[in-house]
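The lines below spell out each chain.
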Amino acid sequence: MPFLSSSGISVLNIIRGGAAGEVVPLLLDLYPATAAYSLRKLKASYTGDAIKVRIDTTGHPTYDIGFDSNGELDTADLLSKAAGNDAYVTTWYDQSGNGNNATNLAAASQPRIVNAGSLETNNGVAAIYFDGSGDTLTFDNINTYAAFIVENVTIVGGFGLLGSTANSNIIGDLNYFNGRIRLNNANYDFAVSNTDNALTVLNRSSNDYSYFVNSNASTNNPRTIAFDMNLNAMMNRQGIFFYEGYLNEIIIYNSDQSANISSIENNINTYYQIYWDGSQTGLLDTYPASAAYSLRALSSEYTGAAIRVRRSSDNSERDIGLLYDGSLDTADLLSFTGAGDGFVKIWYDQSGNGNDATNLTASKQPQIVSSGSVITSGSIPAIQSISGSRLDTAAVSMGSSRGYFLVMERLGAAFSGGGAYHNLVIQGASPFYQLYIPNSDSELNYYDGAVRDTGDIIPTSQVLNTVSQNSSSGTIRLNGTEILALGSGASALNSAFSFMGYSSFASNAYFSEIIIYNSDESSNITAIETNINDYYSIYP
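Residues numbered from 1 in each chain as written. Predicted model: local features only at pLDDT ≥ 70, side-chain atom pairs only at ≥ 80, totals over all residues. Heavy atoms only, no water.

**Quick word on the nonpolar core**
- Counting residues in each nonpolar core, the largest one holds 49 residues, and the members touching the most others are I307, W347, I368, Y404, F497 and F499.
- With four residues, the top contributor of residues to this core is strand β48 (residues 509–517).
- Setting aside its immediate chain neighbours within four residues, Y404 contacts M398, L424, I426, Y446, N465, T466, V467, F497, I515 and I516. (Core = buried A, V, L, I, M, F, W, Y, C linked by side-chain atoms within 4.5 Å. Buried < 20%, exposed > 50% of the residue type's maximum accessible area, 1.4 Å probe, protein only. Helix = DSSP H or I, 4+ residues; strand = E, 2+ residues; numbered from the N terminus. Contact = heavy atoms within 4.5 Å.)

**Considering unusual backbone geometry**
- Phi at Q273 takes a positive value of approximately 55°, unusual for a residue other than glycine.
- Structurally, Q273 is set in the loop between α3 (261–272) and α4 (283–286).
- In this structure, E521 takes a positive phi of about 50° despite not being glycine.
- Relative to the helices and strands, E521 is located in the loop between β48 and α6 (525–536).

**Describing the packing of aromatic side chains**
- For the structure on display, the rule yields 12 aromatic pairs.
- When the ring of Y46 is compared with that of F67, the centres are 6.5 Å apart and the planes differ by 75°; the resulting orientation is edge-to-face. Here the residue Y46 occupies a position in the loop between β1 (35–38) and β2 (51–55), and F67 occupies one in the loop between β3 (62–65) and α2 (75–82), the gap between them amounting to 21 residues. For the pair Y46 and F67, one class covers both residues: buried.
- Between F148 and Y253, the aromatic rings sit 5.9 Å apart at their centres with planes inclined by 80°, giving edge-to-face as the arrangement. Residue F148 is found in strand β12 (residues 146–153), and its partner Y253 is found in strand β23 (residues 244–253); the two are separated by 105 residues along the sequence. Y253 matches F148 in its accessibility class, with the two residues each being buried.
- Ring-pair connections join several aromatic residues into one group, and the members of that group are Y37, W92 and F139.
- Over the ring of Y145 we find R204, and its NZ or CZ is 3.6 Å from the ring centre. (Phe/Tyr/Trp six-rings, centres within 6.5 Å; stacked < 30°, edge-to-face > 60°. Lys NZ or Arg CZ within 6 Å of the ring centre and 35° of its normal.)

**A short note on the pairing of strand β27 (residues 342–347)**
- Across the six residues of β27, six count as buried, placing the element largely inside the fold.
- The sheet contact formed by strand β25 (residues 307–311) and β27 spans five bridges and is antiparallel. Counterpart to R311 in the pairing with β27 is G342.
- Where β27 lies against strand β29 (residues 367–370), two bridges are found, and the strand directions are antiparallel. Paired with F343 across the strands is Q367, a residue of β29.
- In the sheet, β27 pairs with strand β28 (residues 357–358) via two bridges, with the strands oriented antiparallel. Bridging from a neighbouring strand, W347 pairs with A357 of β28. (Pairing = 2+ DSSP bridges.)

**Observations regarding the pattern of salt bridges**
- This structure, assessed with the given rule, holds 14 salt bridges.
- In this structure, D56 and R54 form a salt bridge, with 3.8 Å as the shortest nitrogen-oxygen distance.
- For D56, a relative accessible area of 31% puts it in the partly exposed group.
- A salt bridge links K81 to D77; the nearest nitrogen and oxygen atoms lie 2.5 Å apart. With K81 and D77 both in helix α2 and four residues apart, the pair spans about one turn of that helix.
- Using a relative accessible area of 29% as the deciding quantity, one classes K81 as partly exposed.
- Beyond isolated ion pairs, a larger network of salt bridges with shared partners links R308, E317, D319 and K345. (Salt bridge = Lys/Arg side-chain N within 4 Å of Asp/Glu carboxyl O.)

**Considering the confidence of the model for the protein chain**
- Of all residues in the protein chain, 82% have pLDDT values of 70 or greater, and the mean over the chain is 84.
- Confidence over residues 1–22 falls short of pLDDT 50; this stretch has 58 contacts with residues more than four positions distant or in other chains. (pLDDT = per-residue confidence, 0-100.)

**Observations concerning the side chain of D329**
- As for its position among the elements, D329 is in the loop between β26 (317–320) and α5 (330–337).
- Buried and unpaired, D329 has R318 as its nearest opposite-charge partner, separated by 7.6 Å.
- Not counting chain neighbours up to four residues away, the residues in contact with D329 comprise I320, G321, L322 and L323. (Lys, Arg positive; Asp, Glu negative; His and termini not counted.)

Right, dumping it as structure tokens:
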């Protein structure tokens, strides 16, 4: 993928296709923990094994499984010992140095790591599978202030995550209930979904609790709960509710880690490659823009969500983020929308200028999920304009030079009542600057005081439209080739933009990316187009 820089590959990620790179300190060397359970090596001085497993065959032999030379779980040794059978974890060794191993001696409730000779994995990495019907591992009580958990939940009902085995002893716990994350029965604002992978973080300072999912902070933190989290069980709540899903890592601290949360998260995420965290590079790192909207990651400096989506079933909303490779988190998107439809309320500006494209009116929001399926163009997620839909921005200051790059696909005739496909309109300017396709034909037009009619047919397939203009000249390009030279006409602007429609006019198309520059980018056009085309594979 064109997003990644070599600095974004984990040192311990060789078997996942990364480069070895230089030797750097491991997580616990930087941030020592109270207890640490992982299927990767976390501490340079740790010489013990990762897990002890029971092989489900005659005699039920048990074996310690260590790490290979790359610091990964020695899966070759594990699979050799499993010999085509199931393997269950009886002990998950504590790498913190405090000897608080997590164990389960009851065969019926041991989590599985090999299924009929095949390794259990989560996001391409070895994982331990908990079946939701009693699997758990327990350790000595820890008065928990911070917990970092890499997991993948497969159900969203009521179940444990990190808690206590006994009702009589429980003081606090972290759990899922009715599709939401909870801390001792206090709801956080995060709705829980089954995803490819997630990094969940809890931290408390005195009675101030913070909760994060993939580095996004909850805005509904309970701050008046006066209790300790005296925990002793993973994937288990009160010995009643059990987790179903995959677990890669749990790191527990008995002190406030507020100052270290971001650094610990970055270490974990770089290894597991869960979400876009800024250790990667994108188009805007080389060619900064005035405004940029995309369903892929464009900047190392922007680590927020790509879009905010409203679902049709109950009009609930959720921010949908970006995965480590820069792509939209479609698993989270579909988990949220279910079998219904999803509509885009906000398309976030990744330029760093905070000029998000929005529509607060539900009936006029464009669509991204249809009947439980992500809408795509050229096999890449896309936002579909529907009759009357559009997204608007605040004013963008533009000089007499500007550049526009749009990835879109025309679907057919413009909607009834609309005189054109209005793909990009600069509102409030006199004259209006707009890129559109007239309803009466299939020609790409650009209006900058005069109609600039290309006379070229616009195919009903994904295309890259480029406009570059200054006060004396310019160009309109389609798929990397000029289709019309522009004369003079550009003037300074301080105006808002509309995407996918304007006034009573509506487009009928898919949109995947819109990037706006307050310069003509004449020297960078080919490079910007190449970056875009490398990702979308629009033209040869």
